[in-house]
Amino acid sequence: MIIRLLNIQFARLKRQKILYLFFAVMAVIIISNALQCIGSSEDNGMGYYADGKFPTMCMQSYIDIVGTLFLSFISAVLICGEKASGMFRQPLLNGVSKKQLLIAKTVSIFIVALICFLFVVIVSIITGFFLWGSHIFDYAQEYLLQMLLLAFPQITMVLFLVLLSLYMSNISSMMCASLIILLVNNLFSQFFGSYISFVDFMYYLYAFSGYNGMELTGKMIVLGIAVNVITGIILVYGISRRTNSMIM
C-alpha cells in the first residue's frame, strides 16, 4: 500500500517538473561557484574552496537557503496542497488511511532530500574533477564525513517541514513561514551559535558543513547528533498528535 502511495506522490512531482527545475538551477549554481573559485586566489573565500574543498562549498550552498527552501516547497505541494483541496478531511478510497497517506508523503520528501543532496555532491565532484583533476579527492575523507553528519539535521529538517506543513493553510503561507524561519535561524546561528547549539537542530546544518570556517570537533559531533535525535523524536510525536487531531 505504501509503495503504491509513494508512486502516486512521485508521479505528481514528475508531472510538475519540480525536480528537473531544481537540478537545472543547482547545476548552474555549482558551475558558477567553480568558475569563481578558478578566478580567485587562495587568500580570499572563493579561492580557499578550489581543488579538494569544492564539494564542501557546494554542500554549504545547498544547505544554506536553496536546498531547504526547495524541500519546503515540496512539503507545501504534497501536504499543504492536499489540505487546501480537502483531501485530509475527506474519506479516502481503497482503504487508505490518512496516516498512511501522510507517511507516504513524508517518505517521499525524505527520498527527494536524499536525491537532491546526492545530486549536489556528485555534480560538484564531477565538475571539480574536470577543473582540478584528482585534486578533487584530496579532502575526500573530510567531505564524506560531512555528508554523513549532515544526514542527521536534514532528516530532522524534513520532519520539521512536515509538521509545519500540517499547520499551514496553503502553499504561499508555508513558503513565507519557511523563509522567515530560515533567515532568523541563520542570523542566530551566526551570532549566538554557542547558546543555540544545545537546542537548535538547524544550527548543525551549518556546523557539520564547516560553514564560515566552523571547526568540526568530537564534542560538536556528539552534541549535534544528540540534539537532532531528541528533536526528531519530538517532531514525530508532534506530527502524530497533529494527524490525530485532523482525523477527529
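One can find the structure itself at the top, above this paragraph.
Residues numbered from 1 in each chain as written. Predicted model: local features only at pLDDT ≥ 70, side-chain atom pairs only at ≥ 80, totals over all residues. Heavy atoms only, no water.

*Asks:* How would you summarise the nonpolar core if you had to cite specific residues and measurements?
*Replies:* Membership of the largest hydrophobic core comes to 68 residues, with the highest contact counts inside it found for Phe54, Tyr62, Phe70, Ile74 and Val112. Within the residue set of this core, elements represented by two or more residues are α2 (18-38), α4 (54-84), α5 (98-132), α6 (140-167), α7 (171-191), α9 (203-207) and α10 (218-247). In terms of residue count, the dominant contributor to this core is α4 (15 residues). Once residues within four sequence positions are removed from consideration, phenylalanine 70 is found in contact with Ile18, Leu19, Phe22, Val112 and Cys116. (Core = buried A, V, L, I, M, F, W, Y, C linked by side-chain atoms within 4.5 Å. Buried < 20%, exposed > 50% of the residue type's maximum accessible area, 1.4 Å probe, protein only. Helix = DSSP H or I, 4+ residues; strand = E, 2+ residues; numbered from the N terminus. Contact = heavy atoms within 4.5 Å.)

*Asks:* Can you tell me about α6, naming the residues and giving the values?
*Replies:* Over its 28 residues, α6 extends 41 Å from the first C-alpha to the last, a length consistent with the 40 Å expected when each residue adds 1.5 Å. Residue alanine 151 marks the point of greatest curvature in α6, where the axis turns by about 30°; the proline proline 153 follows within four residues. (Expected span 1.5 Å × (residues − 1). Bend = angle between axes of the 7 residues up to and from the residue.)

*Asks:* Please set out empty space enclosed by the protein residue by residue, giving values where relevant.
*Replies:* Per the counting criterion, the structure on display carries three cavities of 30 Å³ or more. Within this model, the largest cavity holds a volume of roughly 50 Å³. For the largest cavity, the full set of lining residues is Tyr62, Gly67, Thr68, Leu71, Gln154, Met157 and Leu205. Contributing elements (two or more residues each) for the lining of the largest cavity: α4 and α6. Among the elements that make up the lining of the largest cavity, the one with the highest residue count is α4 (four residues). In terms of residue class, the lining of the largest cavity is made up of four nonpolar, three polar and no charged. (1 Å grid on protein atoms, 1.4 Å probe; cavity = no way out; pocket = protein on both sides within 12 Å on 5 of 7 lines; lining within 4 Å. Points joined across faces, edges and corners; volume = space filled by probe spheres on them. Nonpolar A, V, L, I, M, F, W, Y, C, P; charged D, E, K, R; others polar.)

*Asks:* Account for α2, naming residues and giving values.
*Replies:* The end-to-end C-alpha distance of α2, which contains 21 residues, comes to 31 Å, matching closely the 30 Å that a straight helix rising 1.5 Å per residue would cover. Considered for burial, the residues of α2 that qualify are Ile18, Leu19, Phe22, Met26, Ile30, Asn33, Ala34 and Cys37. Seen along its axis, α2 keeps its buried residues to an arc of 130°; they face one direction. Within α2, the exposed residues directed more than 90 degrees away from the buried face are Leu21, Val28 and Leu35. (Arc of directions from axis to C-beta.)

*Asks:* How would you explain the pattern of salt bridges if you had to name every residue and give the values?
*Replies:* Taken as a whole and assessed by the stated rule, the structure comprises one salt bridge. We note a salt bridge from lysine 53 to glutamate 142, for which the minimum N-O separation is 3.1 Å. Placement of the pair is lysine 53 in the loop between α3 (45-48) and α4 and glutamate 142 in helix α6, with a sequence separation of 89 residues. Lysine 53 gets classed as buried once you look at its relative accessible area, which sits at 10%. Given a relative accessible area of 33%, glutamate 142 falls into the partly exposed group. (Salt bridge = Lys/Arg side-chain N within 4 Å of Asp/Glu carboxyl O.)

*Asks:* Describe the layout of surface pockets, naming the residues involved and giving the relevant values.
*Replies:* Considered as a void within the structure, the second largest pocket measures approximately 240 Å³ in volume. Lining the second largest pocket are 13 residues, and of these Lys53, Glu142, Gln146, Gly210 and Met214 lie nearest its centre. When contributions to the lining of the second largest pocket are tallied by element, the ones reaching two or more residues are α4 and α6. The biggest single contributor to the lining of the second largest pocket is α6, with three residues. Each residue belonging to the lining of the second largest pocket can be placed in one class, and the counts come to five nonpolar, five polar and three charged.

*Asks:* Account for the side chain of serine 178, naming residues and giving values.
*Replies:* Note on placement: serine 178 falls in helix α7. Classification of serine 178 by relative accessible area gives buried; the value is 4%.

What is shown is where atoms sit, not what they do.
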